[in-house]
Amino acid sequence: MMEATARSRIRPLDLLRSGGQGLSTRPGRTMLTALGIAIGIAAMIGVLGISASSKAALLRQIDDLGTNLLAVQAGQSVFGEQAKLPEAAPAMVRRIPPVEQAAALTSVSASVRRTNYIPESETNGITVYAAEVETADTLQAKLAQGRFLDTATVRTPAIVLGAVSAERLGITSISEGPMVYLNGHWFNVIGILDPLPLNPDLDRAAFIGYPTAAKLFDTKPNASTIYLRTHPDQVEGVRALLGRTANPENPNEVQVSRPSDALEAKATVDQNLTRLLLGLGAVALVVGGVGIANVMVISVLERRSEIGLRRALGAKRMHIAGQFVTESVLLSLIGGVGGAVLGATVTQVYASRQGWVVDIPVAALAAGVAVALAVGALAGLYPAIRAARMDPAEAVHPTG
Amino acid sequence: MTVLELRDVVKEYPGSPPIRALEGVSISVARSELVGIVGASGSGKSTMMNIIGTLARPTSGTVWLEGRDVSTRRDQTLAGLRAARIGFVFQQFHLVPGLSATDNVATGLVYRRIGRAKRRQAAEVALRQVGLGHRLDHRPRQLSGGERQRVAIARALVGEPALILADEPTGNLDSKTGEGIIQLILDLNRQGRTILIITHDQGIAARLHRRIELVDGRVVADVRNGEAA
Ligand SMILES: Nc1ncnc2c1ncn2[C@@H]1O[C@H](COP(=O)(O)OP(=O)(O)OP(=O)(O)O)[C@@H](O)[C@H]1O
Ligand SMILES: [Mg+2]
């Protein structure tokens with residue numbers, strides 16, 4: 001007798017197999033269809049990975065350079081003219097307890113030239129500063145050549161060039177004792193700095209001692225900029241105090257900045273590009289999804305008789321729908337995993353070429369595969385419903 | 001004991017005017033019967049088979065399978081019924097090209113939640129029964145037409161159904177191969193299986209116990225051959 005409990009049921013593993021069967025019988029089509037998804041996912045993961053790696057590299061660089069460097073500038077007076085910091089400002093700033101190092105710079109009205117035959121008006125875009133001996137340490141400037149100013153050389157016509165300045169003057173080595181000409185005075189080049197990532201404007205500067213500047217160019221001791229390093233945990237506190245300390249009479253004229261902020265801003269500016277590229281990846285993914293849906297619709301039509309057979313063998317509509325959704329999800333899973341591998345490889349190659357430490361966010365990989373699965377499920381839904389709705393009697397017979 | 005009963009079954013396909021494929025068919029089939037259904041093309045044989053096999057519903061009338069009225073049941077109940085109680089054999093075999101003979105036959109048990117190992121075991125037994133013990137791992141492509149139909153018959157057998165429905169099982173085979181299939185069906189019936197077979201071939205029909213003839217959707221003859229074959 002017929003069992004009252006005769007129900008149509010399938011094991012999950014068999015549902016998975018039924019979904020995989022269609023794919024394995026058409027490997028070429030499967031791979032091409034999965035490729036669409038793979039490209040989308042690879043693009044997204046590549047973009048995320050590369051931007052994460054570049055951001056990590058930038059942040060690491062910022063960390064290396066230190067976020068505890070602050071710059072105090074005279075700013076402008078309420079009347080709009082270039083203000084001056086009081087003579088006592090550097091000493092006052094040094095007295096703030098968390099300030100570990102400070103160095104004052106004062107711009108000098110002089111131009112640097114290779115020889116006296118070049119007209120004075122050609123400044124090469126190089127700014128001359130009178131600099132305190134602490135400048136190199138405070139900026140953590142490394143010397144490509146020679147030494148920075150010291151207590152002895154500040155009193156002599158000695159000059160240290162920023163990286164760009166040296167290049168513009170055509171000075172690559174100090175071993176031959178090169179000299180430069182500053183408004184009637186010859187200076188010995190005693191050092192050339194490496195580029196300063198936190199203070200790129202100082203790459204186009206040249207530094208001489210305060211006593212020399214005062215003697216030869218009549219430079220006043222009022223600082224135009226004071227650079228200082230604070231205890232890393234007290235940056236904000238010190239920042240708040242700097243206006244009043246540096247210029248007690250006109251604290252509002254003082255401009256305080258943190259050079260590392262500019263670099264960090266660069267890291268966030270990149271995010272716009274990242275979003276744009278992610279958007280393109282998403283478009284690729286949608287196209288890939290439409291491709292899957294397309295192929296699945298064709299697959300359903302081609303496999304009418306298999307659908308009819310399965311219904312005759314006892315499959316419920318849900319089983320048929322499940323089979324095709326499974327197939328579609330498997331298809332996109334292949335694409336998703338392939339895309340994740342591809343995206344990670346691209347990131348790896350690109351990042352190591354840039355000399356960055358590779359940083360592929362695991363979350364992005366997981367999200368990429370998850371997105372692929374979602375796309376597959378969505379793309380498979382319509383074809384699956386069509387398959388499930390097929391009239392089994394018509395499906396088992398050769399022509400409708 | 002009655003396995004199958006149809007009473008006043010009418011099937012109308014939509015159209016203008018609607019096509020009446022069955023015009024009030026009433027038959028009854030007992031356990032272990034071997035019934036041939038004959039009739040000209042378009043007389044309604046396949047329609048009747050689909051309704052018996054619960055792949056289609058009658059427009060009116062009632063169908064009982066093992067005493068249960070199946071004409072009004074929900075789709076999923078009917079699916080369960082097909083999985084457990086009905087075996088189908090089709091003219092065009094309907095084998096999955098990528099699967100071995102064993103796995104094709106084992107598909108007959110997939111919707112009964114039977115594990116793969118057990119399914120394959122049962123499939124091998126069924127394949128031996130149809131004389132294909134030496135072709136277990138062959139793909140359909142590697143089998144002759146007659147062998148393919150034997151695989152399909154094994155798939156219909158494997159679930160021990162109450163009723164086997166065969167729609168023109170020899171339709172795609174030459175007469176010698178077809179004869180082998182008919183012999184197999186006669187054998188299976190001799191072992192006690194209830195089988196309905198649609199055929200164009202009057203010669204084949206004459207060798208079955210019972211012959212039902214359809215003309216334009218009506219039963220015009222229902223003849224028992226007594227000691228047939
Ligand atoms: N899905 C359908 N929609 C509309 N009409 C149909 C459908 N299926 C069958 N018919 C019509 O119903 C009638 C009976 O068809 P059926 O397939 O049952 O005949 P048959 O006896 O099996 O014929 P054959 O020997 O050619 O297989 C025919 O007139 C056919 O055109
Ligand atoms: Mg027919």
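Residues numbered from 1 in each chain as written. Chains lettered and ligands numbered in written order. Predicted model: local features only at pLDDT ≥ 70, side-chain atom pairs only at ≥ 80, totals over all residues. Heavy atoms only, no water.

Participant: Can you tell me about the domain arrangement of chain A, naming the residues and giving the values?
Facilitator: When the domains of chain A are assigned, the result is domain 1 (13-62 + 264-396) and domain 2 (69-258). Taking only C-alpha atoms, the centre of domain 1 of chain A and the centre of domain 2 of chain A are 57 Å apart. (Domains from an automatic or database assignment.)

Participant: If you had to explain the packing of helix α5 (residues 145-157) of chain B against helix α6 (residues 175-190) of chain B to someone new, which residues and values would you point to?
Facilitator: Residues and elements named next belong to chain B. Where α5 contacts α6, the two axes come as close as 10 Å, and the packing angle between them is 20°. Here α6 runs roughly parallel to α5, going by the angle between their axes. Every pair of crossing elements has a handedness; the one defined by α5 and α6 is right-handed. Side by side, α5 and α6 meet where Gly146, Gln149, Arg150, Ile153 and Leu157 of the first sit next to Thr177, Gly180, Ile181, Leu184, Ile185 and Leu188 of the second. Broken down by class, the residue content of the contact of α5 with α6 amounts to six nonpolar, four polar and one charged. (Axes fitted to C-alpha atoms, helices over the stretch in contact; angles between N-to-C directions. Helix = DSSP H or I, 4+ residues; strand = E, 2+ residues; numbered from the N terminus. Parallel < 35°, antiparallel > 145°, perpendicular 65-115°, else oblique. Left-handed = near helix turned anticlockwise from the far one by under 90°. Contact = heavy atoms within 4.5 Å. Nonpolar A, V, L, I, M, F, W, Y, C, P; charged D, E, K, R; others polar.)

Participant: Residue-level account of the interface of chain A and chain B, with values.
Facilitator: If you look at the interface, chain A gives 33 residues, while chain B gives 34 residues. Taken together, the connections running from chain A to chain B amount to three salt bridges. Here A:Arg317 and B:Asp75 are joined by a salt bridge, their closest N and O atoms 3.7 Å apart. Put simply, chain A and chain B have 11 residue pairs in polar contact (both at pLDDT 80 or more) between them. Elements represented by at least two residues in the side of chain A that touches chain B include exactly α1 (12-25), α9 (304-312), α10 (317-353) and α12 (392-396) of chain A. The class makeup of the residues in the side of chain A that touches chain B is 14 nonpolar, eight polar and 11 charged. (Salt bridge = Lys/Arg side-chain N within 4 Å of Asp/Glu carboxyl O. Polar contact = N/O pair within 3.5 Å; in protein donor to acceptor, adjacent residues only side chain to side chain.)

Participant: So what about the sheet that holds strand β6 (residues 86-89) of chain B? Which residues, and what values?
Facilitator: Residues and elements named next belong to chain B. In spatial order, the strands read β6-β7-β8-β3-β9-β10; together these six strands make up an open sheet with mixed pairing. Only two strands of the sheet have a single partner each, and these edge strands are β6 and β10 (218-224). Ignoring strand direction, the axes of neighbouring strands in this sheet form an average angle of 15°. In the sheet, strand β7 (residues 163-167) pairs with strand β8 (residues 195-198) via four bridges, with the strands oriented parallel. Considered in β8, the bridge of Ala166 is made with Ile197. Relative to β7, helix α1 (residues 45-52) is tilted by about 155°, and along the sheet it contacts β3 (34-39), β6, β7, β8 and β9 (210-215). (Pairing = 2+ DSSP bridges.)

Participant: Describe the layout of surface pockets, naming the residues involved and giving the relevant values.
Facilitator: Taken as a whole, the largest pocket encloses approximately 910 Å³ of empty space. Lining the largest pocket are 39 residues, and of these A:His397, B:Tyr13, B:Ser46, B:Thr47 and B:Asn50 sit closest to its centre. For the lining of the largest pocket, the elements supplying multiple residues, two or more each, are α12 of chain A together with β1 (2-13), β2 (19-30), α1 and α2 (75-85) of chain B. Of the residues forming the lining of the largest pocket, the biggest block, four residues, is contributed by α1(B). Taken together, the residues of the lining of the largest pocket break down into 13 nonpolar, 14 polar and 12 charged. (1 Å grid on protein atoms, 1.4 Å probe; cavity = no way out; pocket = protein on both sides within 12 Å on 5 of 7 lines; lining within 4 Å. Points joined across faces, edges and corners; volume = space filled by probe spheres on them.)

Participant: I'd like a rundown of the pattern of salt bridges, residues and numbers included.
Facilitator: For the coordinates displayed, the defined rule picks out 33 salt bridges over all chains. Residue A:Asp14 pairs with B:Arg119 through a salt bridge whose shortest N-O separation is 2.6 Å. Placement of the pair is A:Asp14 in helix α1 and B:Arg119 in helix α4 (residues 116-129), with the two residues belonging to separate chains. The exposure class of A:Asp14 is buried, given its relative accessible area of 4%. Looking at B:Arg119, the relative accessible area reads 5%, which means it is buried. Across the salt bridge formed by B:Arg20 and B:Glu12, the nearest N and O atoms sit 2.6 Å from each other. When its relative accessible area of 40% is taken as the criterion, B:Arg20 is described as partly exposed. Accessibility expressed as a relative area gives 29% for B:Glu12, which makes it partly exposed. Salt bridges linked by common partners bring A:Glu236, A:Arg239, A:Arg258 and A:Asp261 together as one network. (Buried < 20%, exposed > 50% of the residue type's maximum accessible area, 1.4 Å probe, protein only.)

Participant: Could you give me a rundown of the site of ligand 1, with the residues and numbers involved?
Facilitator: All names here are of chain B. Taken together, 14 residues surround ligand 1, and among them Ser41, Gly42, Lys45, Ser46 and Thr47 come closest. Interatomic distance of 3.3 Å between a backbone N/O atom of Ser43 and an oxygen atom of ligand 1. Between ligand 1 and Ser46 there is a distance of 2.8 Å, counted from an oxygen atom to a side-chain nitrogen or oxygen. When ligand 1 sits alone it has 630 Å² of accessible area, and the protein chains cover 67% of it. Most atoms of ligand 1, that is more than half of them, are within 2 Å of grid points of the largest pocket. Among the elements of the structure, β2 and α1 are those that each provide at least two residues to the shell around ligand 1. Counting residues per element, the shell around ligand 1 draws most heavily on α1, which supplies three residues. Looking at the shell around ligand 1 residue by residue, the class counts come to four nonpolar, seven polar and three charged. (Near = heavy atom within 4 Å. Areas by Shrake-Rupley, 256 points an atom, 1.4 Å probe, with all protein chains shown as cover. Sits in = over half its atoms within 2 Å of the grid points.)

Participant: Lay out the sheet that holds strand β5 (residues 68-69) of chain B with the relevant residues and their values.
Facilitator: Sheet strands pair by backbone hydrogen bonding; their relative direction is either parallel or antiparallel. Residues and elements named next belong to chain B. Taken in spatial order, the four strands make up an open sheet running β2-β1-β4-β5, and their pairing is antiparallel. The open sheet has two edge strands, β2 and β5, and neither has a second partner. Across five bridges, the pairing between β1 and strand β4 (residues 60-65) is antiparallel. Each residue of the ladder has a partner; that of Glu5, found in β4, is Trp64.

Participant: Any details on the packing of aromatic side chains? Residues and values, ideally.
Facilitator: Taken as a whole and assessed by the stated rule, the structure comprises six aromatic pairs over all chains. Connected via pairs of aromatic rings, a cluster forms that spans A:Tyr129, A:Phe148 and A:Phe207. (Phe/Tyr/Trp six-rings, centres within 6.5 Å; stacked < 30°, edge-to-face > 60°.)

Participant: Which residues make up the confidence of the model for chain B, and what values do they have?
Facilitator: In the predicted model, chain B carries a mean pLDDT of 93, and 98% of its residues have values of at least 70. Here the predicted complex carries an ipTM of 0.94, next to a pTM of 0.75. (pLDDT = per-residue confidence, 0-100.)

Participant: Which residues make up a positive patch on the surface, and what are the values?
Facilitator: Taken together, A:Arg7, A:Arg9, A:Arg11, B:Arg113 and B:Lys118 make up a surface patch of like positive charges. Within the fold, A:Arg9 resides in the segment before α1. (Patch = residues over 30% accessible without salt bridge, like charges linked within 9 Å, V, L, I, M, F, W, Y side chains within 5 Å. Lys, Arg positive; Asp, Glu negative; His and termini not counted. Charge placed at Lys NZ, Arg CZ, Asp CG, Glu CD.)

Participant: Tell me about α2(B), and please be specific about residues and values.
Facilitator: Within α2(B), nine of the 11 residues are buried, which leaves the element mostly enclosed by the surrounding structure. The elements touched by buried residues of α2(B) are α9 and α10 of chain A together with β4, β6 and β7 of chain B.

Participant: Can you tell me about a nonpolar patch on the surface, naming the residues and giving the values?
Facilitator: Residues and elements named next belong to chain A. Among the surface-exposed residues, Leu273, Leu276, Leu277 and Leu280 lie close enough to one another that they form a single nonpolar patch of about 380 Å² accessible area. Relative to the elements of secondary structure, Leu280 occurs in helix α8 (residues 259-302). Looking at Leu280, the relative accessible area reads 51%, which means it is exposed.

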